[in-house]
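Report on the structure
These are the residues of each chain, in order.
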Amino acid sequence: MYQAKAYAAASAVSPLAAHTIERREPTASDVRIEILFCGVCHSDLHLVRDEWHEAMPAVYPLVPGHEIVGRVSAVGAAVTRYKRGDLVGVGCQVDSDGTCPACRAGHEQLCPNVVLTYNAPDKHTGGVTYGGYSDSIVVDERFVVRIPANLNPAGAAPLLCAGITTYAPLRRRRVGRGTKVGVVGLGGLGHMGVKLAHAMGAQVHVLTTSPGKRDDARRLGADAVIVTRNAQEMRRHAGSFDFILDTVSAAHDITAYLELLGNDGNLTLVGAPEQPFRIPAFALLSGQRSLCGSVNGGLPETQEMLDFCGAHNITADVEVIPMQRVNEAYERLLKADVKYRFVIDMASLSA
Ligand code: NAP
Ligand code: ZN
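Residues numbered from 1 in each chain as written. Chains lettered and ligands numbered in written order. Predicted model: local features only at pLDDT ≥ 70, side-chain atom pairs only at ≥ 80, totals over all residues. Heavy atoms only, no water.

**Looking at the domain arrangement of the chain**
Each assigned domain of the chain is listed with its residue range as follows: domain 1 (2-160 + 297-350) and domain 2 (163-293). If you average the C-alpha positions of domain 1 and of domain 2, the two centres end up 27 Å apart. Contacts between domain 1 and domain 2 engage 23 residues on the former and 22 residues on the latter. Here domain 1 meets domain 2 over a buried area of about 2000 Å², counting both sides, of which 59% is carbon and sulfur. At the boundary of domain 1 with domain 2, the tally comes to four salt bridges. In this structure, the salt-bridge partner of Lys 195 is Asp 317, at a minimum N-O distance of 2.5 Å. At the junction of domain 1 with domain 2, the criterion picks out twelve residue pairs in polar contact (both at pLDDT 80 or more). (Domains from an automatic or database assignment. Contact = heavy atoms within 4.5 Å. Buried area = accessible area lost by both parts, 1.4 Å probe. Salt bridge = Lys/Arg side-chain N within 4 Å of Asp/Glu carboxyl O. Polar contact = N/O pair within 3.5 Å; in protein donor to acceptor, adjacent residues only side chain to side chain.)

Pasting the structure below:
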């Protein structure tokens, strides 16, 4: 074991603060990564504050972070894919059984024995896993991906969660030329959804509660912007969308978005508000609409997404912050005031 610097929450009501954690020395199949940047996902905030208590109770001290980019500093004897100095990423998972049908299909995120990057039982230490708000991490090479050399490392960090979480449902629904796509919520996930759907050739509409994000939405690749609090604007688009990606982090009226779908249209939920939804049957029966969920993505698809971003020169629009400002960043996330992802510069941990 060795000691790593980190930021942790001591309870659901404590701010994140400096903390020292124990990490394992790399085993034969492990890679040790010196973390350069880690994105701040709204899931970090939900978990730190134990807002998902029923589905995923928080264990403290909790070190969040699953949008990790760093350099390999050591590899175990059996590691074949990475060497010291490689620029790599780690996303939402760090282990899985590797043998179940989901793992064999490359959908590790669906494995019944998946191990999340933080707040999950850690078989190596007997404690819980600690995420990327830290100077280093040790991960099995199966859960490490390669960052394309042309991408800015800070801008690439959010691809590890916001990128794959939006890329996977867009691909699953075969979004492309001729598809009318709506992206609800222009935050970290939403702005990646806009960039990716635009790069896939779709006609992209941003559905936002923030009229001030209109110009940004267009710059990011949206063809049009609908301010959802404007009932008239919403009515004009009723029944017209093929696919809607809902990335909203707080309680909201999902029925208003379902009613924008055309026949056989699909709304995929990736946002994870604390409160349950109430949906009238006819919002789904009319037009035979469907509603489903999606959870980040597996390793092969994460690498495919990174290579797609490399080929199209896509990174997140980031606001790089020192670790010492992470609590302030959380408060701004709650006000939908992020353009469009906070990314922690890990050099600040040793400042
Ligand atoms: P974020 O950056 O905070 O963005 C959320 C956006 O939702 C805001 O920018 C805002 O956009 C909109 N919004 C916020 N409050 C709203 C409200 N009351 N009504 C309507 N819209 C509202 O968050 P994020 O990091 O993108 O994460 C979004 C959600 O996805 C979180 O719940 C997170 O936990 C979840 N998530 C899920 C997965 C998965 O695998 N499924 C992965 C990562 C994250 P506008 O200003 O444009 O309205
Ligand atoms: Zn995330």
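**Looking at the pattern of salt bridges**
Applying the stated rule across the entire model yields 17 salt bridges. Of the charged contacts, one joins Asp 86 and Arg 146 as a salt bridge, the two residues approaching to 3.3 Å between their closest N and O atoms. You can see Asp 86 sitting in the loop between strand E4 (68-75) and strand E5 (87-90) and its partner Arg 146 sitting in strand E9 (residues 145-146), a full 60 residues away along the chain. Judged by relative accessible area, Asp 86 falls into the buried class, the value being 9%. For Arg 146, a relative accessible area of 35% puts it in the partly exposed group. (Helix = DSSP H or I, 4+ residues; strand = E, 2+ residues; numbered from the N terminus. Buried < 20%, exposed > 50% of the residue type's maximum accessible area, 1.4 Å probe, protein only.)

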